[in-house]
Structure formats: C-alpha cells, structure tokens
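What the coordinates show
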Amino acid sequence: MLLAVRGMMEASLEVIRLSAIYESEAVETFSQPEFLNMVAEVRGSTLPSPEQVMARLLRIEYALGRTREVPLGPRTIDLDLLFYRDEKRTTQFLTLPHPRLHLRRFVLEPLAELCPDLVHPTVRQTIGELLVQSADASAVKRWTKQA
C-alpha cells in the first residue's frame, strides 16, 4: 500500500491525508484471502483532469504488478478514484463518483475516518450517514501488523 502512495506522489498527485489501513473480507466474489484497504486524499487545486488521474492510477497498478486476468479475483493492488470534487460523470473509462462506493463498507469505513461530513453528490447523504445506514454486513476492521 505504501508503494502505491509513493507511486501517487511520483505521479505528481499531492497526497495530503491517509486513512488507517483496514482489513476486510472479499465481497461480491468467490472465496479468497482478506483485502487491505485505505483511502488517500489528494490535493484538489493541483489535480489534472479525472481521466488523467485515473490513467496515472492505472499506471501505478501496472508498475506494482497488477494483472486483470480474473474479474473480481485476487490482485496485488487496486486503485480507484472515488470522488473528484463534486463532479458527476459517466464515460467508458470512468464513472464519478465511484458507482458502488456508497454500498461497500470496506470503502465507507476508511472514507468516514477522513471525511465523515463529505456529502456524496449523487445520493446526497454524508459518508457518515451512508456508513451508519449501510446494509453491507461484511467484516471490516482496522488492520494491525501481525507479530
């Protein structure tokens, strides 16, 4: 995960805050090892277009060994663009806000740590409200390094 953050900084994305790391069970897929998740906030005034940000994230994934052989399968890294300011858009390359973030506890937990009062521009509820109301009962807990 820290290599991904480093990759973002090297790609001229100014990372200003990071959530804790969360461990979560795989959802919407077959049985596989637990995932580690976190949210990074990057500075808004210096960002390139959303498509350029997503292209940079995909290059970081590739550099870290990400392959896309099995849909929803195990992966070395998965970087998503959740929000871009309050923009709403749907293209072949990108959907903003991320279309399932409000349904997934493994996204909402770290996102609520950083910005619980952020209003989702499509569903018009805060991240904190979405987390409290989430129907996703999957296990998500702060990750602690195993001894």
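Residues numbered from 1 in each chain as written. Predicted model: local features only at pLDDT ≥ 70, side-chain atom pairs only at ≥ 80, totals over all residues. Heavy atoms only, no water.

Turning our eyes to something else, we now look at the overall build of the protein. Scanning the protein from N- to C-terminus turns up four helices and seven strands. Written out in order from the N terminus, the α and β elements of the protein read α-β-β-β-β-α-β-β-α-α-β. When the 147 residues of the protein are sorted by exposure, 39% land in the buried category. Here the protein has roughly 8,900 Å² of accessible surface; of this, 54% comes from carbon and sulfur atoms. (Helix = DSSP H or I, 4+ residues; strand = E, 2+ residues; numbered from the N terminus. Buried < 20%, exposed > 50% of the residue type's maximum accessible area, 1.4 Å probe, protein only. Areas by Shrake-Rupley, 256 points an atom, 1.4 Å probe, with all protein chains shown as cover.)

What follows deals with the pattern of salt bridges. In this structure the tally under the stated criterion is eight salt bridges. Salt-bridge contacts for Arg17 lead to Glu41; the nearest nitrogen and oxygen are separated by 2.7 Å. Here Arg17 is found in strand β1 (residues 15-18), whereas its partner Glu41 is found in strand β4 (residues 40-42), with 24 residues between them in sequence. The partner of Arg105 in a salt bridge is Glu109, and the shortest N-O contact between them spans 3.4 Å. Taken together, the positions of Arg105 and Glu109, both in helix α3 (residues 105-114) and four residues apart, correspond to about one turn of that helix. (Salt bridge = Lys/Arg side-chain N within 4 Å of Asp/Glu carboxyl O.)

This part takes up the nonpolar core. Residues Met8, Leu13, Val53, Leu57, Ile60, Leu79 and Leu81 are the most contacted members of the largest nonpolar core, which totals 17 residues. Contributing elements (two or more residues each) for this core: α1 (2-10) and α2 (50-63). If you tally residues by element for this core, the top one is α2, at four residues. If near-sequence neighbours (up to four positions away) are discounted, Ile60 is found in contact with Ala4, Gly7, Met8, Ala11 and Leu79. With 16 residues, the next largest nonpolar core counts Tyr22, Val39, Leu114 and Leu131 among its residues. (Core = buried A, V, L, I, M, F, W, Y, C linked by side-chain atoms within 4.5 Å. Contact = heavy atoms within 4.5 Å.)

Let us now look at the sheet that holds strand β7 (residues 140-142). Spatial strand order, β3-β2-β7: three strands in an open sheet with antiparallel pairing. Taken across any chain shown, the strands that pair with only one partner, and hence form the sheet edges, are β3 (35-37) and β7. On average, each strand axis in the sheet is tilted by 30° relative to the strand beside it, whichever way the strands run. As judged from the three bridges shared by strand β2 (residues 22-24) and β3, these two strands associate in the antiparallel manner. Counted as the bridge partner of Tyr22 is Asn37 from β3. (Pairing = 2+ DSSP bridges. Axes fitted to C-alpha atoms, helices over the stretch in contact; angles between N-to-C directions.)

What follows is about the environment of Leu111. For Leu111, the position within the fold is in helix α3. Note on Leu111: relative accessible area 4%, which makes it buried. As for Leu111 and Leu82, which are separated by 29 residues in sequence, their C-alpha atoms are 9.5 Å apart. Excluding anything up to four places from it in sequence, Leu111 contacts Val39, Leu82, Phe83, Leu101, Pro116 and Ile127.

Take the confidence of the model for the protein next. Low pLDDT marks regions whose predicted coordinates should not be analysed in detail. Taken residue by residue, the protein gives an average pLDDT of 89. The fraction at 70 or more is 90%. When pLDDT is averaged over each element of the protein, helix α4 (residues 127-133) comes out on top at 98 and β3 at the bottom at 88. (pLDDT = per-residue confidence, 0-100.)

The next thing to look at is the side chain of His120. Mapped onto the elements of the fold, His120 is located in the loop between α3 and α4. In contact with His120, other than residues within four places in its own chain, are Phe83, Pro97, Leu101, His102, Gln125 and Leu130.

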